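Architecture at a glance
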Amino acid sequence: MKYITTVNDQEFIIEIEQDNQIVVNGERYDIDFQHLPEADVLSLLLDNRSLEAVVEARDDVWEVLTKGELYTVKVQDERAYRLSKARGAAGEVTGEAQIKSPMPGLIVAVPIAEGQTVQKGDKVIILESMKMENELRAPKDGIVSRVHVVQGASVEKDQVLAVIIDPELDEAPIVGEA
């Protein structure tokens, strides 16, 4: 089966060949994939290289936290990919974007402020969890409309940390103004 996978705006074509092999953009890899339920962690051996990740489904994407980096991953089969491309909706984050904590932890830094303009990929929150610092990044260009945490705060999984809105929403006229 063939899947088109978008990781932070970079597309990969992944074909699942056998239980222990995949082909990514034409290159074959041996894999071993395990779910470790006691830590809610996924373990992947990719050509004998070990990777561990915390993965969570959010709306129509997966958030993958590995080696201190958070990746937004969208996986579609060929049919779904073609339909979304035809609609012009593949990989775009529109409207209000909530940055949520992927796991419980401690806020190490908040390098943004309300009203600040951010670009997609900018660091917005640095979270320490499981003795690792994890950089949470802006999923889109926009304006930080709310910041719900401060440095040193403890947070829970799925807690909203910050909200980014489209620049047009910030400039919308107030109802009743002429």
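A short tour of the structure in this document, coming up. (Residues numbered from 1 in each chain as written. Predicted model: local features only at pLDDT ≥ 70, side-chain atom pairs only at ≥ 80, totals over all residues. Heavy atoms only, no water.)

**Re the overall build of the chain**
What counts here: In this text, helices come from DSSP runs of H or I with a minimum length of four residues, and strands from runs of E with a minimum of two, each type numbered from the N-terminal end. Buried residues are those whose accessible area, probed at 1.4 Å on protein chains only, stays under 20% of the maximum for their type, while exposed residues exceed 50% and partly exposed ones sit between those limits. The criterion used for residue contact is that any of the two residues' heavy atoms lie within 4.5 Å. With residues, only the protein chains shown are counted as cover, and all accessible areas are computed by Shrake-Rupley using a 1.4 Å probe.
Secondary structure summary: the chain contains two helices and 16 strands in total. For the chain, with 178 residues in total, the buried portion stands at 34%. Sequence-distant contacts in the chain: of pairs separated by 6 or more residues, those separated by 24 or more amount to 47%. Only carbon and sulfur atoms are counted for the fraction: they give 50% of the accessible area of the chain, which is about 11,100 Å².

**As for the pairing of strand β14 (residues 142–147)**
What counts is decided by this rule: In short, DSSP must find at least two bridges between two strands for them to pair.
Sheet analysis places strand β11 (residues 117–118) next to β14, joined by two bridges and oriented antiparallel. Counted as the bridge partner of T117 is I143 from β14. Where β14 lies against strand β16 (residues 160–165), four bridges are found, and the strand directions are antiparallel. Within the sheet, the bridge partner assigned to V147 lies in β16 and is A162.

**Here's the deal with the side chain of T66**
The test is simple: Under this definition, polar contacts are N or O atom pairs within 3.5 Å; protein pairs additionally need one hydrogen-donor-capable and one acceptor-capable atom, and for neighbouring residues in sequence, both atoms have to be side-chain atoms.
Its location among the elements puts T66 in strand β7 (residues 61–66). Among the polar contacts listed, one links the side chain of T66 to the backbone oxygen of E52, at a separation of 2.8 Å. Those residues in contact with T66 that sit more than four places away from it in its chain are E52, A53 and Y71.

**Examining the environment of V147**
Within the fold, V147 resides in strand β14. The contact partners of V147, leaving out residues within four places of it in the chain, are V110, I112, A113, E114, L161 and A162.

**As for unusual backbone geometry**
Among all residues except glycine, the phi angle is most often negative; among peptide bonds, the trans geometry is most common. The phi angle at N48 is positive, at roughly 65°, despite the residue not being glycine. Note on placement: N48 falls in the loop between β5 (41–46) and β6 (49–58). Residue K67 is not a glycine yet carries a positive backbone phi of 50°. If you trace the backbone, K67 turns up in the loop between β7 and β8 (69–77).

**A closer look at the pairing of strand β13 (residues 132–137)**
When strand β12 (residues 123–129) meets β13, the two strands line up antiparallel, connected through six bridges. If you follow I126 over to β13, its bridge partner there is E135. In textbook terms, the turn of a hairpin is the stretch between consecutive antiparallel strands, and for β12 and β13 this stretch comprises two residues, one of which, M130, has a positive phi near 55°.

**Things to note about the sheet that holds β16**
An order of β9-β16-β14-β11 is seen for the four strands of this open sheet, with the pairing classed as antiparallel. Across the chains shown, the open sheet's two edge strands, defined by having one partner strand only, are β9 (97–100) and β11.

**Topic: the nonpolar core**
Note on soluble globular proteins: their nonpolar side chains tend to be buried together. Convention followed: Among buried residues, those of type Ala, Val, Leu, Ile, Met, Phe, Trp, Tyr and Cys that are joined through side-chain atoms within 4.5 Å constitute a nonpolar core.
Residues I107, V124, I125, L161 and I164 are the most contacted members of the largest nonpolar core, which totals 20 residues. With residues up to four places along the chain from it excluded, the contact list for V124 reads I99, V110, P111, I112, L136, R137, A138 and I164. Core analysis: the second largest hydrophobic core is formed by five residues, I22, V24, I31 and L46 among them.

By themselves, these observations are geometric and do not establish any function.
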